[in-house]
Amino acid sequence: MSLLVVEGLTKSFAGLTAVSSVDIAVEDQEFLGIIGPNGAGKTTLFSLLSGQIAPTAGRVVFDGRDITGWSPAKVASAGLVRTFQLMRPFESMSVLDNVAVATHHRHRSRRAARLHALEVIERVRLTDYVHAPSGNLPTAGLKRLELARALALEPRVLLLDEVLAGLVPAERAPIIELLREIHADGVTVLFVEHIMAAVMALSQRLLVMAEGKELALGDPQEVVADPRVVEAYLGEDYT
Amino acid sequence: MTAPTTERTVEVRADDPRLKDRSTARTYVALVVVLAVAAALPLVMGEQTETVAVRTLIFAIMAVGWNLMSGYGGMFSFGHAAFFGIGAYTDAYLLVEHGTSPWISMIVGAAISAAAGTFIAFLCLRYRLAGAYFALATFAFAQVYLLAVQNLDFLRRTEGFNVPLLPENSWWMMQFEQGSHNYYWIPLAILGLGLVGTVAFVNSRQGQYVQAVRDDQVAAASLGINVMRVRLLTVALSCAFTSLAGVIYTQYYFFVGPEQAFGSAVSVNAIVPAVIGGIGTVWGPVVGALVVGPLSEWIANVLRDPPAFLDFLQGVAGLDVAVYAALLIIIVLFMPKGIYGTLRDRFRP
C-alpha cells in the first residue's frame, strides 16, 4: 500500500473551493513534484495534509492510519512534516535553539537536543550562523532553517512549500543538491515549486494542479508536454 | 522505523565548544552572588528600610510569577491578583479557621492557584483569545473572584481576616517578633527559588517549547509541539508561584481583605515591575521591583504626611497608580525592553 493516500480531499471556504476532490497515492521514498498557477490549491493541499486546516470532505491515510482531522502537532509527530513558504523562524531564538526545538522531540535534555541540532545545522550548511539570532538571517538562511527544523524531526514524509522561492540561482543549486541527498536517504518528498528546472531535475512524478483539481499526474517529461498543462500553467514558451 | 536522515549526518562531538552555554552558567553564578549579598543586607539595614525591602520582595515574587506566563509564555495576564489573592486567602482562612501552618497553606494555595489559572487559561485559549482579549478575560476572572470573596460568608465578605498573634516565635507558624530578619529572609529564599526555577524552566524542553509557541504558534505546532499543553503548564507554574507572594503578604501584614488580595491594583503590582525591568528576562522583574517597591513606599508616605507644598494630596487615593502610569509611559517610550532588557542589549557582545 502507498505511504500516503489522499482520497476525495476537498476544502471549501465560503463559496470558494480551494481544493476539490483530489486523489493522490504517494509511494514510499517517492519524490513528487507539484506545480500549478497561483491559487491552484497547492499550499491549501499541504495545510490539509499537515492538519493546519480540516477538510470539508475526503480523507488522508498515512502509513496505514487515517490521520484526517489530526492536530498539526500529532501529524508532525507521526512523521509527516511541512515547511512554510513564508519562513516562520522563532525570532527570539538563535538558529541553534530554533533547530533544537525540533530535536527536543527526541531528546529531553537540552544538551542532547542542541548536540543533535548542531548536526542538522552542519548538514544544511548553516554552520556560520549557529549562534545568530534567527530574525537576522538572510532569506537563503531562513530557507535553510525551515528545512533544518523539518529535517530535525526525522520525518518520513517532507512537504516542501517553495523552498527555492526568493533565492537567486547561485543559492538554489546547493539546496537542490541537499534535497537530492535527503531523498536519497529515504525520505519521501512532496515538492511544491515554481522553479521548473528544479522540479524537472528532482521529481520522479509530477502533479499539476489548477483550480483546486488535479490537471495531470505522471511522468514529468510527459506531463509538461501535455497541451492542457502548457495552456494552464507553463505557457507556449516552455519547451 | 530507522531514522533515514542520520546517515549523512556530520558527527558533532559532545564537547564541541559551540554547545557551551556560557550565558546560562553566568546567570546561575550571578544569582548566587546577588542572593548572597541580598541575604547579608538586613545586618546593615535599618528597620524602616527592611519594611521597604520586604515590600519589594513581595513585588518581585509576584512579578517573577507573572513573567513566566506573560513574558516567556506570551500570554499577557491582567488578572494575577486572582492568584495572589488565592494565596493570601488560603493562608488566612486555613490559619484562622483551622490553625494550619503557612507552609502547608503555601502548598495548598499554590495547588488551588495552578488549578484556577489552568482553568481560566484553558477557556481563553480554547476560544482563541489572544493579546488584549486574553488580558481582559483574565482581568474579568480576577474581578469575579473579588466579588465572590466579598459575598461569601465563610470568607468573611468585606471584613477580611486578621492573623491571630502568637505569644512566641514559631518557624512552623511563620511568626516572629516585630523586626525579625526572618520576615525578610523567607521571601528572599522564595524569590531565589523562583529565579533559579525560571532559569531552569526557560532552559528546559517545555520552556523552550513555550517560547517557540510565543514566537510562532503555527510553526511550533507543525514541529510536533502540543501548544495547549505546554501553555497550560506554564500558566500553572506562573499562578502557583505568584500565590506564594500572597501567603507572605498575609503573614507579614497580619491582615488581608478582598481589595488587598484581589483588587485590580494588585494585578497592576504584578505587571509593573516586570514591564519596567524587562519582560521575558530573568532579572527584569527583580530590577523593576527594586524601582517599584521603594517608590510605592515613598508615595504612601507622601500621602500620609505630605510636605507643605503638596498638602492638597492629603488623603488622596490612587496617586501610586498615577505615578506607575507615568513611569510606564516613560519606560515604554524610551526603554521598550525595560531597564534590564535595554541595558543587556546595549552591552551584549
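Given the structure is predicted, the values throughout are model-derived calculations rather than measurements.

Within chain A, the secondary structure is distributed over 9 helices and 10 strands. What you see for chain A is a C-alpha radius of gyration of 18 Å, in line with the 18 Å of a compact globule of 239 residues. In terms of overall dimensions, chain A has C-alpha extents of about 50 × 40 × 35 Å along its principal axes. Each of the 239 residues in chain A was classed as buried or not, and the buried ones make up 47%. A separation threshold of at least 6 residues defines the contact pool for chain A, and within that pool the share at least 24 residues apart is 63%.

Another aspect to go through is the interface of chain A and chain B. Counting residues at the interface gives 38 residues for chain A, matched by 30 residues for chain B. Counting only elements with at least two residues in the side of chain A that touches chain B, the list comes to helix H2 (72–78), helix H3 (95–103), helix H4 (110–123), helix H5 (139–152) and helix H6 (169–184) of chain A. Element by element, the count of residues in the side of chain A that touches chain B is highest for H4(A), at 8 residues.

Residue and element names in this part refer to chain B. For helix H6 (residues 182–202), which comprises 21 residues, the first-to-last C-alpha distance of 30 Å matches the rise-based estimate of 30 Å (1.5 Å per residue) to within 8%. Of all the positions in H6, only Tyr183, Tyr184, Ile186, Pro187, Leu188, Ile190, Leu191, Gly194, Leu195, Thr198 and Val202 are classed as buried. Where H6 is buried, its residues contact helix H1 (22–40), helix H2 (47–72), helix H7 (205–215) and helix H9 (227–253).

On to the sheet that holds strand S1 (residues 4–13) of chain A, then. Residues and elements named next belong to chain A. With antiparallel pairing, 4 strands are arranged side by side in an open sheet as S2-S1-S4-S5. Edge positions in the open sheet fall to strand S2 (16–26) and strand S5 (65–66), since each of these has one partner strand only. Sitting on the sheet, helix H1 (residues 42–49) touches S1, S2 and strand S4 (57–62), and the angle it makes with S2 is about 65°.

So, on to the pairing of strand S10 (residues 213–218) of chain A. Residues and elements named next belong to chain A. Bridge count for strand S9 (residues 205–210) against S10 is 5 bridges, and the pairing is antiparallel. If you follow Val208 over to S10, its bridge partner there is Ala216. Hairpin connection of S9 to S10: 2 residues between the antiparallel strands, including Glu211 at a positive phi of 50°.

Residues and elements named next belong to chain B. Direction vectors running N to C along helix H12 (residues 284–304) and helix H13 (residues 319–334) enclose 140°, while the axes themselves pass 9 Å from each other. Compared by their axis directions, H12 and H13 come out oblique. Crossing of H12 against H13: the hand is right-handed. Of H13, the residues touching H12 (which contributes Leu295, Ser296, Ile299 and Leu303) are Leu319, Asp320 and Val323. Its residues assigned to classes, the contact of H12 with H13 shows 5 nonpolar, 1 polar and 1 charged.

Residues Val99(A), Ile121(A), Ala148(A), Val189(A), Val208(A) and Ile61(B) are the most contacted members of the largest nonpolar core, which totals 168 residues. At 14 residues, the largest contribution of residues to this core is made by H2(B). If sequence neighbours within four positions are ignored, Val189(A) has contacts with Phe31(A), Leu32(A), Leu158(A), Leu160(A), Leu179(A), Ile182(A) and His183(A).

All names here are of chain B. Within the secondary structure, Glu297 is located in helix H12. We classify Glu297 as partly exposed; it has 18 C-beta atoms within 10 Å. Separated by 47 residues in the primary sequence, Glu297 and Arg344 place their C-alpha atoms 28 Å from one another. When sequence neighbours within four positions are dropped, the list of residues in contact with Glu297 reads Val52 and Arg55.

This part covers unusual backbone geometry. Within the chain, Arg156(B) stands out as a residue other than glycine whose phi angle is a positive 60°. The class for Arg156(B) is partly exposed, based on 19 C-beta atoms found within 10 Å.

What follows concerns the confidence of the model for chain A. Overall, the prediction assigns chain A a mean pLDDT of 94, with 98% of residues at 70 or greater. Per-element mean pLDDT across chain A ranges from 88 in helix H9 (residues 227–234) of chain A up to 98 in strand S8 (residues 188–192) of chain A.

We now examine helix H4 (residues 102–126) of chain B. Residues and elements named next belong to chain B. When the terminal C-alpha atoms of H4 are compared, their 35 Å separation across 25 residues agrees well with the 36 Å that a helix rising 1.5 Å per residue should span. Within H4, the full set of buried residues consists of Pro102, Ser105, Met106, Gly109, Ala110, Ser113, Ala114, Ala116, Gly117, Ile120, Ala121 and Cys124. The secondary structure elements touched by the buried residues of H4 are helix H3 (81–98), helix H5 (131–150) and H9. Taken from the residues just after H4, Arg128 is the one with a positive phi, measuring 60°.

A few words now on the packing of H2(B) against H12(B). Residue and element names in this part refer to chain B. With their axes 8 Å apart at the nearest point, H2 and H12 run at an angle of 140° to one another. One way to sum up the angle between H2 and H12 is to call them oblique. As H2 packs across H12, the resulting crossing turns out to be right-handed. Between H2 and H12, the residues in contact are Val52, Arg55, Thr56, Phe59, Ala60, Ala63, Val64 and Asn67 and Gly284, Pro285, Val286, Gly288, Ala289, Leu290, Val292, Gly293, Pro294, Ser296 and Glu297, respectively. For the contact of H2 with H12, the class distribution of residues is 11 nonpolar, 6 polar and 2 charged.

Criteria and thresholds
Residues numbered from 1 in each chain as written. Chains lettered and ligands numbered in written order. Predicted model: local features only at pLDDT ≥ 70, side-chain atom pairs only at ≥ 80, totals over all residues. Helix = DSSP H or I, 4+ residues; strand = E, 2+ residues; numbered from the N terminus. Rg over C-alpha atoms; globule rule 2.2 N^0.38 Å. Buried ≥ 20, exposed ≤ 12 C-beta atoms within 10 Å, placed from the backbone. Contact = placed C-beta atoms within 7 Å. Expected span 1.5 Å × (residues − 1). Pairing = 2+ DSSP bridges. Axes fitted to C-alpha atoms, helices over the stretch in contact; angles between N-to-C directions. Parallel < 35°, antiparallel > 145°, perpendicular 65-115°, else oblique. Left-handed = near helix turned anticlockwise from the far one by under 90°. Nonpolar A, V, L, I, M, F, W, Y, C, P; charged D, E, K, R; others polar. Core = buried A, V, L, I, M, F, W, Y, C linked by C-beta atoms within 7 Å. pLDDT = per-residue confidence, 0-100.

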